[in-house]
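A look at the structure
What follows is each chain in one-letter form.
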Amino acid sequence: MPVERHTIAVLVANEPGVLARVIGLFSGRGYNIESLTVSEVDEANARSRITIVTSGTPMVIEQIKAQLSRLVPVYDVHDLTMEGAHVSRELALVKIHNTGEDRIEALRIADTFRARAIDSTLQSFVFELTGDTGKINAFIDLMVALGDVEVSRTGVVAIARGTGLDMPLVRRNVTKRKRRQPATGD
């Protein structure tokens with residue numbers, strides 16, 4: 001059976017040990033995590049969203065989703081790869097150490113990739129780049145050809161395209177703010 005790459009979104013209770021339980025599920029069964037991001041998305045209801053990129057046969061992916069769904073602090077599991085079009089992005093900070101003409105070329109490539117220089121010294125740049133994994137990898141490959149490189153990446157975050165809300169925020173007891181009326185000169 002062919003190995004497939006899937007992006008899975010998991011809505012969990014934001015409590016100690018939840019991430020360890022999710023990771024334990026993967027490591028205990030020998031499943032690989034290619035990318036993992038987690039952040040609180042709903043402070044009022046103490047919920048976090050975990051985005052996992054993993055790979056396996058279709059049967060393994062189904063097992064992963066079923067086992068994630070059975071974990072106690074998990075509210076919802078969505079296989080974004082199977083459910084339709086989704087948008088995924090990653091943030092990378094790329095530091096390059098180089099001199100001379102290679103510095104000019106690094107700036108030119110950064111401009112092409114819409115990377116932003118967020119730090120600069122006489123011998124280095126730190127670029128901030130957002131995009132899909134392929135774009136980030138291509139940028140890094142080009143920078144490596146120009147000097148010594150250090151990379152820090154966030155991992156993939158993803159969300160379904162379109163109007164449907166798979167994991168909507170639930171905000172109760174939140175009153176809408178009234179718009180301020182402009183002051184009149186009465």
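Above this text sits the structure in question.
Please read these numbers as outputs of a predicted model, since none were measured by experiment.

Observations regarding the packing of aromatic side chains
- The tally for this structure, following the rule as stated, stands at four aromatic pairs.
- Aromatic side chains phenylalanine 127 and phenylalanine 139 sit 5.9 Å apart centroid to centroid with 90 degrees between the ring planes, which places their arrangement in the edge-to-face category. With phenylalanine 127 in strand 7 (residues 124-131) and phenylalanine 139 in helix 5 (residues 133-144), the pair connects residues that are twelve residues apart, well separated along the chain.
- Residue class for phenylalanine 127 comes out buried when judged on its relative accessible area of 0%.
- Given the relative accessible area of 0%, phenylalanine 139 is considered buried.

Focus: helix 2 (residues 58-70)
- A rise of 1.5 Å per residue sets the reference length of helix 2, with its 13 residues, at 18 Å; its end C-alpha atoms lie 19 Å apart and thus fit the reference within 8%.
- The complete set of buried residues in helix 2 reads Val60, Ile61, Ile64, Lys65, Gln67 and Leu68. All buried residues of helix 2 lie within an arc of 170 degrees about the axis, which places them on one face of the element. Of the residues in helix 2, the exposed ones pointing more than 90 degrees away from the buried face are Met59 and Arg70.
- The elements touched by buried residues of helix 2 are strand 1 (4-13), helix 1 (18-28), strand 3 (47-56), strand 4 (74-79) and helix 3 (80-83).

Quick word on the layout of surface pockets
- Counted as a void, the largest pocket has a volume near 190 Å³.
- In this structure, the largest pocket is lined by 14 residues; those nearest its centre are Arg49, Ile159, Asp166, Met167 and Pro168.
- Here the residues of the lining of the largest pocket are counted per class, giving nine nonpolar, one polar and four charged.

With respect to the pattern of salt bridges
- All chains considered together, the criterion is met by six salt bridges.
- Between glutamate 62 and lysine 65 there is a salt bridge whose closest N-O contact spans 2.8 Å. Of this pair, glutamate 62 and lysine 65 are both found in helix 2, three residues apart, which corresponds to roughly one turn of the helix.
- A residue is classified by how much of its surface remains accessible, and glutamate 62, at 45% relative accessible area, is partly exposed.
- With a closest N to O distance of 2.5 Å, glutamate 105 and arginine 108 form a salt bridge. Within this pair, glutamate 105 and its partner arginine 108 are both found in helix 4 (residues 101-112), separated by three residues, close to a single helical turn.
- Owing to a relative accessible area of 26%, glutamate 105 belongs among the partly exposed residues under this scheme.
- Overlapping salt bridges, with partners in common, bring together Glu62, Lys65 and Asp79 in one network.

Things to note about the nonpolar core
- Ranked by internal contacts, the top residues of the largest apolar core, which has 17 residues, are Val10, Val22, Phe26, Ile52, Ile64 and Leu68.
- Counting 16 residues, the second largest nonpolar core, distinct from the first, contains Val94, Phe125, Leu129 and Phe139.

Some points on the packing of helix 4 against helix 5
- Direction vectors running N to C along helix 4 and helix 5 enclose 170 degrees, while the axes themselves pass 10 Å from each other. Comparing the axis directions of helix 4 and helix 5 gives the class roughly antiparallel. Within the contact between the two elements, helix 4 uses Ala106, Ile109 and Ala110 and helix 5 uses Phe139, Leu142 and Met143.
- Residue composition of the contact of helix 4 with helix 5, by class: six nonpolar, no polar and no charged.

Basis of the calculations
- Residues numbered from 1 in each chain as written.
- Predicted model: local features only at pLDDT ≥ 70, side-chain atom pairs only at ≥ 80, totals over all residues.
- Heavy atoms only, no water.
- Phe/Tyr/Trp six-rings, centres within 6.5 Å; stacked < 30°, edge-to-face > 60°.
- Helix = DSSP H or I, 4+ residues; strand = E, 2+ residues; numbered from the N terminus.
- Buried < 20%, exposed > 50% of the residue type's maximum accessible area, 1.4 Å probe, protein only.
- Expected span 1.5 Å × (residues − 1).
- Arc of directions from axis to C-beta.
- Contact = heavy atoms within 4.5 Å.
- 1 Å grid on protein atoms, 1.4 Å probe; cavity = no way out; pocket = protein on both sides within 12 Å on 5 of 7 lines; lining within 4 Å.
- Points joined across faces, edges and corners; volume = space filled by probe spheres on them.
- Nonpolar A, V, L, I, M, F, W, Y, C, P; charged D, E, K, R; others polar.
- Salt bridge = Lys/Arg side-chain N within 4 Å of Asp/Glu carboxyl O.
- Core = buried A, V, L, I, M, F, W, Y, C linked by side-chain atoms within 4.5 Å.
- Axes fitted to C-alpha atoms, helices over the stretch in contact; angles between N-to-C directions.
- Parallel < 35°, antiparallel > 145°, perpendicular 65-115°, else oblique.

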